[in-house]
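One letter stands for each residue in the lines below.
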Amino acid sequence: MSPTQEYLARTRRDFLTTSACGLGGVALSHILAGNSHAAAGLPPLAPKLPHFAPKAKNCIFIFMAGAPSQLDLFDPKPKLKELHGKKMDSELLEGKRFAFIKKESAVLMGSPRKFARHGKSGMWFSDLLPHMAGCADDICMVRSMHTDQFNHHPGQLQMQCGEGRFGLPSTGSWLTYGLGTENQNLPGYVVLTAGRGSSGGATLWQSGFLPSTYAGVRFRNSTDALLNLKNPEGLPPQLQRAGLDTLRALNNNHLASMGDPEIASRIASYELAFRMQSAAPELIDLSGENQRMMEAYGTERATPKGGNRGRGNGKAYAEFSRNCLLARRMVERGVRFVNIIHASWDHHSDLDGELTFNTGMSDQPVAALIKDLKEQGLLDETLVVWAGEFGRTPLGENRNGRKANTGRDHHPNAFTILMAGGGVKGGLSYGTTDEIGWQPAENPVHVNDFQATLLALFGLDHERLTYPHAGSERRLTSITRQSRVIKEWFS
Amino acid sequence: MKILVVITLLTAGSFTASAAVDFINEVQPLLTAHCIKCHGGIRAKGGFSFARKESVFSPAKSGLHPIVSGKPEASELLARITSHDEDERMPPEEPLTSQQIETLRKWIEEGAIWPEHWAFQPPRNTAGATIDSLVKSSLGKAGLKRSPEAGRHTLIRRLYLDILGLPPSPAAITTFEKDTSPGAYQRLVDRTLGLPGFGERWARHWLDAARYADSDGYEKDNARLDAWRWRKWVIDAINDDMPFDQFTIEQLAGDLLPNVTPSQRLATAFHRQTLFNREGGVDPEEDRTKRTIDRTATTSSNWLALSMECAQCHDHPYDPVSQREFYQFYAFFNNAEEADAQVPKDTPGAVAGEEKEKAGMMKARVMRAKERKTFIFHRGDFLQPKKDAGEILPGTPAVLPELPVPAKGKSTRLDLARWIVDPGNPLTARVAVNDIWSRLFGHGLVENKADFGTRSAPPIQLELLDHLALELLKSEWSRKQLIRYILLSKTYRQSARHRHKATGIDPGNVLLHRQNRFRVEGEIMRDIFLETSGLLQHRVGSPSVFPPIPPDVAAQSYAGSFKWKTSTGADRYRRAMYTFFKRTAADPNLIAFDCPDANVTVAKRNRSNTPIMALATLGNEVFHEAAQAMAKKILSNSSLPDQAARIDYCFLLCTARKATPKEKSTVATLLEKSRAYYVKNPSEADKLAGNHRLKQIPAADNAAWIATARIILNLDETITRQ
């Protein structure tokens, strides 16, 4: 058969099959274009079925960009303290690279923090995280994470997009591409930021080679919750409605004349935009939240002195708390993926002071979020993730011949992430690192394994959730790596 | 005669059970789906690969032949797929169906014909063919006919949007509609192709491929205040119709040309558009390697439509590009380094006064030669050069025509550039015409524009693609001539209206039974709003500008380090292609409409349709200001006697046609409702008009027209090219 004949035979076959199902020829072009939603008159983000039964429905990904120190928060190392000030076994250093550390003179640095066991399982937390420690029985802590990147932007891309390269869709894009979203009046993938901008900036929530339908939409901490949400000044809601009625009528005329179903999709988008104009302000209006809740999250907290990196506009504490509360309101309303980004965990110096500031900001609201979700019965179906892009070195940072080591350098070999809810096992501490926290000792978990598992919690097979790009079927996990789903995390 | 026989056989064959098995349509998809994952580039298990023809006809590691032509019983492939032993049977997960097995058996029995990949063969000439004759013949096979020619207003708007990226003015529309003499359309085409907007529009396509931006990318994302200079070079080259071979040679290797001019040096800034990581603690050599890999991959993807980048770590899983061949290609760019050069500030005559006064030289980022040794990197890791594999010399993939042996020393980037545009290269001209076609029809003849590799089935319109490629060569690489040829075809001039019956037979419009409709690109959204409302400043070239963006967008860049100082005066209203493109905090008015993020080369943009876009065009400052200005423009036009004439004019500006009576009454109702509101709320009327209040008109009328103009600007027809 010639290609033309093959093509015609195929379309004829499809035409007959779909016609039999009651779909007309006009819709067919969309089915063939892979756009079955448009064909069925559904918006592109309409909910879709996963590959298999899911455990989680929504995800709140708290991204601590800059790389928090696992050694001072989650992974106690008495041996490291013992070896404080000593040089490292040079064999371990062979072939390793650092951003700033000078290998020759670098010495180990113990944590000044006190660690204790919490919850029924006895999960370790340092004294910087008293509130989160109280949620230990809901938390799954993975201490044996590792990544391929040791600079921030590539590392952040890998954590969000699977590889340390540009032009790839982020986890939120893949989830909304795979599952759509429950609430058509709000974006399916929302980004909330507090403090200053991250290394990755907007590249962390772009949709890469997926259509921009699946890009993250940034909600703002202001009355104008979404970019361009408000009508132009002087245009009342009733004239917005009247205008859109006119637009719909004119577009419908054109649809009748041109017969292109894209015009129907256009009409639907404008109607969605209109509904968003009321749904988004309702979402960020916290006046209905009770005082107890506001206090639990700490939405009115003043930002203390210090934290020069994490202060942002000086409202970081209140903004971060508000973002956590907003995240709950979003998943409650069916937003699929909420990404809370806070970008000030890159502590090359004054580690202890900076960590005190940042954990002071985040500990209470993150714990409040987990408890709140639980109380509302949302935790079972909401996966909360707390992670940075890599970890920090057991070696103190001795850049530029500094006299005293007060910080730690980038460490891709071993770091810790936390999860709660969404079908993961509470109280599980998974994986270990060696006695100084240099590298995983048991059950190492590559970032891609974590991502494959995250998708599996949502009923998606990371090898089947693909999109054609640059000559191959791409996915969230690298196509050249064998990634594994870690079933041990499932509750 | 031979060709004719084959066609007859194929045609006859398709209706009988004994048809010969077709490798491309029947066998290759099976191998790709079930076998290549293990027996492919990444893991050539058993020592053979279904990605390479020569591999499957030679003994594998076991000594057995995967395929013996004509002998199914001697072919290990067949033995394995039919084995009942679970440990032996392939594929291990699930056996093939008996039908699939039969297909493979029959194919081997028939001689296992494995034709060379179409795209690696030279384009074939169809005698006496034209675009229209080829399209007519393929439509005829499907029992279809071309659509009638589109109406004049549609034609002129389509042409303007495709060629200039701007809507036609009412005057241009009227002139064209009144010109009933023969050749009116051809004259319009020629006039349009001569306008400077042509270079701007088509340069923007090229900037996508070049991953052009005004900043470094990565965390620091420092500004590149001289980047615009190369952008202007592209605009000029396209307006001057610089032949595509020269255009290629100057950008890839201008610095190596004899008697090199500053402009030729500037051209090499194509490969200075890579990202540059200035984050603390970055290994400079690692980042240089990354940029070199990007140059390698971008060159092969953009000119040859081969995705080579995966071969940096391992042999290509599907295409015949080995890891060694990747590093041979890489070696051309490894023998180059980044440098600064002095170039003229701008070509004289092309810009307004201020530039001329400051005439002189400026710095530009360019490339220059620098000899380095290249080694294969184990798994693509620059810290693991495979020294034992020896130095890798610059070279091109063996599957493509041979690179001439250099007279002395190693082959250079100049040799590579000349090889790319050698008429004997089967890919370059095809890739170039496919790109041009896609800009004029919304889809390439090869839909996946960046992949002409072995996974790309021959396009249904292969004859047309080849015809166009040969036309491009015949015109000595004149893109303007090829574009003109396409624009004048009946195929291009068809109506885009959907026809029910034809859609049933040819739903993807692959046979081109009509033109396509599609939303204009992000930049053109802005340009349409600004041009129709009279705000657009037509100045070609110049440094990048800073139209208003929401203040918290720039704050998203690293540590809020970037200050966006909004342009004032004319620079507030330039075409969107001149907007300063900050990689980590790009203008949301561009990004929301699928404008690429400039981090990697892009051959084909997405065309999504989201409520976020609707919110932008309804509420964003830039778009709303256009509505304000449009109301002012309509109301201050004294040649419009009444409301009906004003509505017509508004439609003409936005859609190139007048309103129908039904549309007029719909619009009049909105005008009335709005007027009634603003009569009661005069202060709201003033607010809505902002800085574009027309004093001699009652405030309520002014505001009512703004509330109406914004809706006509948002019509699907306004933002769609059809």
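Residues numbered from 1 in each chain as written. Chains lettered and ligands numbered in written order. Predicted model: local features only at pLDDT ≥ 70, side-chain atom pairs only at ≥ 80, totals over all residues.

Novice: Can you walk me through the overall build of chain A in this structure?
Specialist: Helix and strand counts for chain A stand at 14 helices and 17 strands. For chain A, the share of sequence-separated contacts (at least 6 apart) that also reach a separation of at least 24 residues comes to 75%. (Helix = DSSP H or I, 4+ residues; strand = E, 2+ residues; numbered from the N terminus. Contact = placed C-beta atoms within 7 Å.)

Novice: In this structure, what is going on with the interface of chain B and chain A? I would like to understand it.
Specialist: Accessible area lost upon the coming together of the parts is a frequently used measure of interface size. Listed by partner, the interface residues are 89 residues for chain B and 74 residues for chain A. Breaking the side of chain B that touches chain A down by element, the ones donating at least two residues are α6 (131-141), α22 (500-505), α26 (611-619), α29 (661-680), α30 (682-689) and α31 (699-713) of chain B. Per-class residue counts for the side of chain B that touches chain A are 40 nonpolar, 28 polar and 21 charged. (Nonpolar A, V, L, I, M, F, W, Y, C, P; charged D, E, K, R; others polar.)

Novice: Explain the nonpolar core here, please?
Specialist: Soluble globular proteins tend to pack their nonpolar side chains together in the buried interior. Core analysis: the biggest nonpolar cluster contains 315 residues, and A327, V338, V385 and A420 of chain A together with V433 of chain B have the highest contact counts within it. Considering every element that reaches this core, the biggest residue donor is helix α10 (residues 261-284) of chain A, with 11 residues. Residues contacting A327 of chain A, with those up to four places away along its chain left out, are I60, L192, V338, I340 and L369 of chain A. (Core = buried A, V, L, I, M, F, W, Y, C linked by C-beta atoms within 7 Å. Buried ≥ 20, exposed ≤ 12 C-beta atoms within 10 Å, placed from the backbone.)

Novice: Whenever I open this one, α6 of chain B confuses me. Can you help?
Specialist: Two residues of an α-helix separated by three or four positions point the same way, owing to the 3.6 residues in each turn. All names here are of chain B. Listed as buried for α6 are I131, L134, V135, S138 and L139. For α6, the arc enclosing every buried residue in end-on projection is 130 degrees, short of the 170-degree limit, so these residues lie on one face. At the exit of α6 stands G143, carrying a positive phi of roughly 70 degrees. (Arc of directions from axis to C-beta.)

Novice: Whenever I open this one, the packing of helix α28 (residues 643-655) of chain B against α29 of chain B confuses me. Can you help?
Specialist: All names here are of chain B. Relative to each other, α28 and α29 sit at 105 degrees, their axes nearing to 11 Å. When the axis of α28 is compared with that of α29, the two are roughly perpendicular. Contact residues: Q643, A644 and I647 in α28; K664, V667, A668 and L671 in α29. (Axes fitted to C-alpha atoms, helices over the stretch in contact; angles between N-to-C directions. Parallel < 35°, antiparallel > 145°, perpendicular 65-115°, else oblique.)

Novice: Would you explain unusual backbone geometry in this entry?
Specialist: All names here are of chain B. Cis geometry is found at the peptide bond from M90 to P91, where omega equals -15 degrees. One non-glycine residue, D221, lies in the positive phi region at around 50 degrees. In this model, R379 sits at a positive phi of 50 degrees, which is unusual for a non-glycine residue.

Novice: Looking at this structure, how should I read the confidence of the model for chain B?
Specialist: Where the model shows low pLDDT, its predicted coordinates should not be examined in detail. Residue-level pLDDT values for chain B average 91, and 95% of them are 70 or greater. Low confidence marks residues 348-357 of chain B, where pLDDT is under 50. Its contacts with residues over four positions away, or in another chain, come to 12 contacts. (pLDDT = per-residue confidence, 0-100.)

Novice: What exactly am I supposed to notice about the environment of N183 of chain A here?
Specialist: Residues and elements named next belong to chain A. Tracing the backbone shows N183 in the loop between α8 (171-179) and β5 (189-194). C-alpha of N183 to C-alpha of A279: the two residues are 96 residues apart in sequence and 9.8 Å apart in space. If we skip the residues at most four places from it in the chain, N183 touches R333, G334 and V335.

Novice: It is not clear to me how the packing of α6 of chain B against helix α19 (residues 462-474) of chain B should be interpreted in this structure. Could you clarify?
Specialist: A packed helix pair is summarised by two numbers, namely the angle formed by the two axes and the spacing between the axes. Residue and element names in this part refer to chain B. Remark: α6 packs on α19, axes separated minimally by 10 Å, with the N-to-C direction vectors making an angle of 175 degrees. Considering their axes alone, α6 and α19 lie roughly antiparallel with respect to each other. Counted together, I131, L134 and V135 of α6 and E463, L464 and H467 of α19 form the full contact between these two elements. Considered class by class, the residues forming the contact of α6 with α19 number four nonpolar, one polar and one charged.

Novice: Looking at this structure, I do not really get the pairing of strand β2 (residues 115-118) of chain A. What am I missing?
Specialist: The side chains of a regular strand alternate, residue by residue, between the two faces of the sheet. Residues and elements named next belong to chain A. Bridge count between β2 and strand β3 (residues 123-126): four bridges; the pairing is antiparallel. In the strand pairing of β3, A116 is matched with F125. Once β2 ends, the chain turns through four residues before running back antiparallel as β3, passing G119 with a positive phi of about 70 degrees. (Pairing = 2+ DSSP bridges.)

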